Amino acid sequence: MSTHSVRGLTVDDDTRCTHYRTDRDVVAFKFDCCEHYYPCFRCHQAVADHEAIPWPSDRFDEPSVLCGVCATELTVPAYLEADHRCPSCDTPFNPGCHEHASRYFTPGDR
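All values derive from a computational prediction rather than experimental measurement.

A look at the overall build of the protein
Piece 1. Secondary structure assignment for the protein yields 3 helices and 4 strands.
Piece 2. Taken from N to C terminus, the helices and strands of the protein fall in the order β-β-α-β-β-α-α.
Piece 3. A compact globule built from 110 residues should have a C-alpha radius of gyration of about 13 Å, and the protein, at 12 Å, falls within 12% of that.
Piece 4. Oriented by its inertia axes, the alpha-carbon framework of the protein measures out at about 30 × 25 × 25 Å.
Piece 5. In the protein, which comprises 110 residues, the share counted as buried stands at 42%.
Piece 6. Of all intrachain contacts in the protein linking residues separated by at least 6 positions in sequence, the fraction that spans at least 24 positions is 49%.
Piece 7. If you sum the accessible surface of the protein, you get close to 5700 Å²; carbon and sulfur atoms cover 44% of it.
Piece 8. For the protein, the distance from the average position of its 10 positive side-chain charges to the average position of its 18 negative side-chain charges is 5 Å.

Focus: the sheet that holds strand E3 (residues 65-67)
The strands that make up a sheet are held in pairs by hydrogen bonds between backbone atoms, and each pair lies either parallel or antiparallel.
Piece 1. Overall, antiparallel pairing links the 4 strands, which are arranged E2-E1-E3-E4 in an open sheet. Among the strands making up the open sheet, the edge pair consists of strand E2 (37-38) and strand E4 (73-74).
Piece 2. Across 2 bridges, strand E1 (residues 27-30) lies against E2 in antiparallel orientation. When the bridges of E2 are listed, lysine 30 appears paired with tyrosine 37.

Points about the side chain of histidine 44
Piece 1. Mapping histidine 44 onto the fold places it in helix H1 (residues 41-47).
Piece 2. For histidine 44, a relative accessible area of 1% corresponds to the buried category.
Piece 3. Those residues in contact with histidine 44, other than ones at most four positions away along the chain, are Phe31, Cys33, Cys34, Tyr38, His50, Glu51 and Ala52.

So, unusual backbone geometry
Piece 1. Here threonine 10, not a glycine, exhibits a phi torsion of approximately 50°, which is positive.
Piece 2. Of note, threonine 10 is situated in the segment before E1.
Piece 3. For threonine 10, a relative accessible area of 60% gives the class exposed.
Piece 4. Even without glycine at this site, aspartate 83 takes up a positive phi of about 55°.
Piece 5. Here aspartate 83 is to be found in the loop between helix H2 (76-80) and helix H3 (101-104).
Piece 6. Look at aspartate 83 and you get exposed, because its relative accessible area is 60%.

A look at the packing of aromatic side chains
Piece 1. A full pass over the atoms with the stated rule returns 10 aromatic pairs.
Piece 2. Ring pairs connect the aromatic residues Phe29, Phe31, Tyr38, Phe41, Phe60, Tyr79, Phe93, Tyr104 and Phe105, which therefore count as one cluster.
Piece 3. In this structure, arginine 103 packs its charged tip against the face of phenylalanine 41, placed 4.0 Å from the ring centre.

Definitions and cut-offs
Here, residues in each chain are numbered from 1, in the same order as that chain's written sequence. Only residues with pLDDT of at least 70 are given local features in this predicted model, and only at 80 or more are side-chain atom pairs given and counted; all residues enter the totals for whole chains, interfaces and linings. Water and hydrogen atoms play no part in the side-chain values, which are based on all heavy atoms of the structure. Segments assigned H or I by DSSP are reported as helices when at least four residues long, segments assigned E as strands when at least two residues long, and all are numbered from the N terminus. Atoms counted for the radius of gyration: C-alpha only. Globule rule: 2.2 Å times the number of residues to the power 0.38. The rule is simple: take the accessible area with a 1.4 Å probe, protein chains only, and divide by the maximum for that residue type; under 20% is buried, over 50% is exposed, in between is partly exposed. We call two residues contacting when some pair of their heavy atoms lies within 4.5 Å. Computed by Shrake-Rupley with a 1.4 Å probe, the accessible areas treat only the displayed protein chains as cover when residues are assessed. All tallies of charge rest on Lys and Arg as positive and Asp and Glu as negative; His and the ends of each chain are not included. Every charge is mapped to an atom, namely NZ of Lys, CZ of Arg, CG of Asp or CD of Glu. If DSSP finds at least two bridges between two strands, the strands pair. Aromatic pairs are defined between Phe, Tyr and Trp rings, using the six-membered ring for Trp, whenever the two ring centres lie within 6.5 Å; interplanar angles under 30 degrees are classed as stacked, those over 60 as edge-to-face, and all others as tilted. By the criterion adopted, a ring carries a charge over it if an Arg CZ or a Lys NZ lies within 6 Å of its centre and within 35 degrees of its normal.

Dropping the structure here:
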């Protein structure tokens, strides 16, 4: 269970939201515009009062991805290299999140 504040619509203890609720939807992403975690870009659109700005490549060395099961914070490279599993607790992540990577991370070293 995550101990970090995750904003969004109907966010459960493992960071699942109204939009993404499978067993593997257990990550949250921090946005550069507000430095808050959201389970997905749709939740940011729904509850934030500003446009989403993805995490910039010059900050990829800072934690910005949260495992909702064990609350481990990952850097972008660690998340992308984790083979769709939390490197800390081995919980599977949804591989479909990579399809939306540009909404969460700016191009650069990805």
